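Observations on the model geometry
Below, each chain spelled out in residue letters.
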Amino acid sequence: MLSVRGLSAGYGAARVLFDVDLEVGAGEVVALLGRNGMGKTTTVRAITGLLPPTAGEIVFGTTRLDGSPPHKAAQAGIGLVPEGRQIFPTLTVEENLVATAASRFGPPRWTKERVYDLFPRLRERRRQMGSQLSGGEQQMLAIGRALMTNPKLMILDEATEGLAPLIRREIWSCIATLKAEGESILVIDKSLDALIRVADRHVVLEKGHVVWTGTTAELVADRAQVEKRLHV
Amino acid sequence: MSLTLFAVQTLNGLQFGLMLFLVAAGLTLVFGVMDFINLAHGVQYMLGAYLTAVLAKVTGGFFTALLLAMPLTLLLGLVLERLVFRPLYARGHLDQVLATFGVILIVNEAVKLAFGAAPISVPVPEILSGSVRLMDGLLFPVYRLAIIGAGLGTALLLWLVIDGTRFGMLVRAGATNAPMVSALGVDVRRLFTAVTAFGAMLAGFAGAMVTPILSVEPGMGDGVLILAFVVIVVGGVGSIRGAFIAALIVGLVDTLGRSFATDLLKLVMSASTANHVGPALSSMAIYLLMAGVLAFRPAGLFPSRSAG
């Protein structure tokens with residue numbers, strides 16, 4: 001479904017990604033791992049068109065995405081839950097969900113009501129401004145907002161970062177629910193235990209290079225090796 | 001300082017403020033959504049005035065001219081966006097300022113060549129001529145009341161669109177985080193084109209409405225542009241509500257300041273000093289206001305970006 005080959009990208013003269021390969025199949029959950037500053041978010045920004053890649057190709061389904069503006073990636077079916085949540089502060093919760101909602105591939109699987117069923121707290125706060133939400137609620141809203149574009153692939157960038165343990169658990173159970181529904185997901189996170197439970201395959205980035213890749217079974221077997229690359 | 005004069009000048013300030021709001025509304029959205037500094041926005045105001053003045057001469061009716069001028073100012077906004085603004089989005093503010101300043105010079109000269117440097121006057125439409133007695137000894141021109149009504153009506157309409165429609169949601173979302181709107185599948189360039197064109201039409205509408213009370217001349221948009229920038233800085237870039245409140249404040253402070261600063265100063269200083277200081281101070285009043293607002297609320301009264 002998503003195929004990234006030989007991706008290079010950077011900011012100005014600073015090159016961040018070197019020849020990154022990444023595949024996400026239909027219905028698959030792939031984890032992107034690595035320490036801070038190793039290029040995970042840059043990879044996401046390149047895939048979603050927020051940062052034009054300097055080399056390589058990004059194909060989603062049958063659409064070439066490298067060099068396209070961000071809305072092309074979204075229209076092709078990528079739903080982004082960005083780092084830092086980035087919900088719209090001057091819109092209400094409901095407006096955040098509705099403003100960019102779309103159903104480009106047949107009847108919508110995700111509606112406002114279904115998102116509210118997934119996150120009942122958002123229903124309670126539907127009329128509040130985005131800026132009035134707690135961090136966990138903002139994260140739920142960011143996930144709901146991406147689901148409302150009825151994507152084929154969800155990209156979750158650090159969706160549990162900085163949240164209380166209880167909220168983290170809620171977000172992980174939501175990701176498990178999405179997986180059970182057959183959603184394809186690219187997930188970036190630092191919690192290896194949680195990723196082992198939910199992801200099918202794992203890709204580890206170090207200084208912009210892919211240094212390890214394998215299935216969850218391979219990760220469990222090779223855990224010590226991989227953990228060395230994730231902790232300072 | 002009589003109460004009547006105060007009431008008249010308050011109404012004049014309100015009318016001035018509402019016209020400023022129409023110009024500032026487009027400017028604040030364009031600046032807020034795309035981070036684009038459009039100095040040529042004052043030109044749209046002038047073009048609205050010229051189109052109305054010329055069409056009024058040709059067709060003989062002010063309202064016909066107004067109706068024809070609106071789609072034309074919308075079209076001119078689209079043309080400017082395509083030809084001049086679009087290549088500049090990715091550039092820095094300095095390039096944008098230089099290029100759009102160039103547009104001001106070119107259009108001002110073009111207008112001079114086409115219609116001459118002499119001011120054109122437009123008669124007040126028959127149906128809105130004359131004055132009404134608002135209270136004892138207070139006569140106020142009907143046309144100025146009509147401008148106040150039109151300004152309030154447009155503000156209400158704009159509020160309904162920005163607050164109640166999906167287009168409005170996207171504009172508000174774009175003002176806080178345009179890349180994110182784009183990453184969720186909305187072509188922000190197209191959104192921006194629409195915002196620019198409507199902003200141009202609003203400025204053109206303001207220009208058209210003032211033709212019967214001001215002289216239509218080259219460069220008439222330049223002063224308005226500067227005031228509109230004061231408005232959007234005071235109100236908070238990207239915020240329509242901020243622009244509305246700030247436009248009324250600026251309109252009232254400027255108009256009342258010019259009328260009453262000298263009289264007020266006479267209470268605390270000698271008459272001759274007050275006669276010198278008053279006019280100087282009143283022309284500075286809105287800039288002092290802006291400096292004061294920036295000192296305490298650097299993002300303006302209603303910041304759209306920093307919330308959250």
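Before reading on, note that the structure itself is shown above.
Just so it is clear, the model here is predicted, and its values are computed rather than measured. Sequence order sets the numbering: in each chain, residues are counted from 1 along the sequence as written. Ligands are numbered from 1 and chains lettered from A, in the order in which they are written. With pLDDT at 70 or above as the cut-off, local features in this predicted model cover only qualifying residues; side-chain atom pairs require 80 or more to be listed or tallied, and sums for whole chains, interfaces and linings still use all residues. By convention in this description, side-chain values take in all heavy atoms of the structure and omit both hydrogens and water.

**Some words on the overall build of chain A**
In this text, helices come from DSSP runs of H or I with a minimum length of four residues, and strands from runs of E with a minimum of two, each type numbered from the N-terminal end. Counting secondary structure elements, chain A contains 10 helices and 10 strands. C-alpha atoms define the radius of gyration in this analysis, and the globule rule sets the expected value at 2.2 Å times the number of residues to the power 0.38. In summary, chain A has a C-alpha radius of gyration of 17 Å against a globular reference of 17 Å for 232 residues, a match within 12%. On the principal axes, the C-alpha backbone points of chain A span a range of 45 × 35 × 35 Å. The buried share of chain A, reckoned over its 232 residues, is 55%. Any two residues whose heavy atoms approach within 4.5 Å are treated as being in contact. Considering only residue pairs separated by 6 or more positions, chain A has 66% of its internal contacts joining residues 24 or more positions apart. Carbon and sulfur atoms make up 52% of the accessible area of chain A, which totals about 9500 Å². For chain A, the distance from the average position of its 29 positive side-chain charges to the average position of its 26 negative side-chain charges is 2 Å. Under the scheme applied here, a residue whose accessible area is under 20% of the maximum for its type counts as buried, over 50% as exposed, and between as partly exposed, the area being computed with a 1.4 Å probe on protein chains only. Accessible surface area values rest on a Shrake-Rupley calculation with a 1.4 Å probe, where residue burial reflects the displayed protein chains alone. All tallies of charge rest on Lys and Arg as positive and Asp and Glu as negative; His and the ends of each chain are not included. To locate a charge, the coordinates of NZ of Lys, CZ of Arg, CG of Asp or CD of Glu are taken.

**Description of the interface of chain B and chain A**
Across the boundary between the two partners, chain B contributes 20 residues, which contact 22 residues of chain A. Once two parts are brought into contact, the accessible area they lose, counted with a 1.4 Å probe and summed over both, makes up the buried area. On the chain B side of the contact with chain A, Met169, Met180 and Leu184 of chain B bury the most area, a combined 31% of that side's loss. Between glutamate 95 of chain A and arginine 172 of chain B there is a salt bridge, with the nearest N and O atoms lying 3.0 Å from each other. We define a polar contact as two N or O atoms separated by no more than 3.5 Å, with the added condition that, inside protein, one atom must be a possible hydrogen donor and the other a possible acceptor, whereas residues neighbouring each other in sequence contribute only through side-chain atom pairs. Inspection of the region where chain B meets chain A yields 9 residue pairs in polar contact (both at pLDDT 80 or more). Per-element tally for the side of chain B that touches chain A: the top contributor is helix α6 (residues 166-183) of chain B, with 12 residues. Salt bridge criterion: a side-chain nitrogen from Lys or Arg within 4 Å of a carboxyl oxygen from Asp or Glu.

**Quick notes on the sheet that holds strand β4 (residues 55-60) of chain A**
Residue and element names in this part refer to chain A. Should DSSP find at least two bridges between two strands, the strands are regarded as paired. Read across the open sheet, the 4 strands follow the order β2-β1-β4-β5; overall the sheet is antiparallel. Two strands lie at the open edges of the sheet, namely β2 (14-24) and β5 (63-64), each paired on one side alone. In terms of strand pairing, β4 meets β5 through 2 bridges, oriented antiparallel. Each residue of the ladder has a partner; that of phenylalanine 60, found in β5, is threonine 63. Packed on one face of the sheet, helix α1 (residues 40-47) meets β1 (2-11), β2 and β4 and runs near 110° to β1. For helices, the axis comes from a line fit to the C-alpha atoms of the stretch in contact; other axes are also lines fit to C-alpha atoms, and the angle between any two N-to-C directions lies between 0 and 180 degrees.

**With respect to the pairing of strand β7 (residues 153-157) of chain A**
All names here are of chain A. Summarising burial for β7: 5 of the 5 residues are buried, a large majority. Because side chains alternate across β7, one face comprises the buried residues Leu153, Ile155 and Asp157, and the other comprises Met154 and Leu156, equally buried. When strand β6 (residues 78-81) meets β7, the two strands line up parallel, connected through 4 bridges. For glycine 79, the partnering residue across the bridge sits in β7 and is methionine 154. In this structure, β7 lies alongside strand β8 (residues 184-188), joined through 5 bridges in parallel fashion.

**Quick word on the side chain of aspartate 66 of chain A**
All names here are of chain A. Its place among the elements puts aspartate 66 in the loop between β5 and α2 (70-76). A polar contact of 2.8 Å, which involves the side chain of aspartate 66, links it to the side chain of arginine 64. If near-sequence neighbours (up to four positions away) are discounted, aspartate 66 is found in contact with Pro53, Gly56, Glu57 and Ile58.

**Observations regarding a nonpolar patch on the surface**
Residue and element names in this part refer to chain B. Like charges are joined within 9 Å and nonpolar side chains (Val, Leu, Ile, Met, Phe, Trp, Tyr) within 5 Å, but only among residues with over 30% relative accessible area and no salt bridge; these make up the patches. A cluster of nonpolar side chains, namely Leu3, Phe6, Val132, Leu134 and Met135, defines an oily patch on the protein surface of about 430 Å² accessible area. Counting residues per element, the ones that place at least two in the nonpolar patch are α1 (3-34) and β1 (131-135). You can see valine 132 is positioned in strand β1.

**A closer look at the pattern of salt bridges**
Pairing between side chains becomes possible if they bear opposite charge and their charged atoms approach one another. The tally for this structure, following the rule as stated, stands at 26 salt bridges over all chains. Here glutamate 206 of chain A makes a salt bridge to arginine 229 of chain A, at a shortest N to O gap of 3.2 Å. Here arginine 229 of chain A lies in helix α10 (residues 223-230) and glutamate 206 of chain A lies in strand β9 (residues 201-206), a separation of 23 residues in the sequence. The closest approach of N and O atoms between aspartate 95 of chain B and arginine 91 of chain B, which form a salt bridge, is 3.2 Å. Aspartate 95 of chain B gets classed as partly exposed once you look at its relative accessible area, which sits at 30%. A relative accessible area of 48% means that arginine 91 of chain B is categorised as partly exposed. One network of salt bridges, with partners in common, ties together Lys40, Glu158, Glu161 and Lys190 of chain A.

**Regarding the packing of helix α2 (residues 41-59) of chain B against helix α4 (residues 93-115) of chain B**
Residue and element names in this part refer to chain B. Between α2 and α4, whose axes approach to 10 Å, the crossing angle comes to 15°. Between α2 and α4, the crossing angle belongs to the class labelled roughly parallel. You can see that α2 and α4 cross each other, and the crossing is left-handed. Contacts from Val43, Met46, Leu47, Tyr50 and Val54 of α2 reach α4 at Val103, Ile104, Val107, Asn108, Val111 and Phe115. Residues that form the contact of α2 with α4 fall into these classes: 10 nonpolar, 1 polar and no charged. Reported orientations rely on four angle classes, namely roughly parallel under 35 degrees, roughly antiparallel over 145, roughly perpendicular from 65 to 115, and oblique for the rest. Crossings are sorted by hand: turned counterclockwise from the far helix by less than a right angle, the near helix makes the crossing left-handed, and turned clockwise it makes it right-handed. Only Asp, Glu, Lys and Arg are considered charged in this grouping, and only Ala, Val, Leu, Ile, Met, Phe, Trp, Tyr, Cys and Pro are considered nonpolar; every other residue, Gly among them, is considered polar.

**Examining the packing of aromatic side chains**
All names here are of chain B. Any two rings among Phe, Tyr and Trp, with Trp reduced to its six-membered ring, count as a pair given centres within 6.5 Å; such a pair is stacked if its planes are under 30 degrees apart, edge-to-face if over 60, and tilted if neither. Enumeration over the complete set of coordinates arrives at 9 aromatic pairs over all chains. A centroid spacing of 5.0 Å and a plane angle of 45° characterise the contact between phenylalanine 36 and phenylalanine 85, whose relative ring orientation is tilted. Taken as a pair, phenylalanine 36 in the loop between α1 and α2 and phenylalanine 85 in helix α3 (residues 62-85) lie far apart in primary sequence, 49 residues in all. Residue class for phenylalanine 36 comes out buried when judged on its relative accessible area of 1%.

**Details of α3 of chain B**
Within α3 of chain B, the full set of buried residues consists of Phe62, Ala65, Leu66, Ala69, Met70, Thr73, Gly77, Leu80, Glu81 and Phe85 of chain B. The inward-facing, buried residues of α3 of chain B contact α2, α4, α5 (142-164) and α7 (188-210) of chain B.

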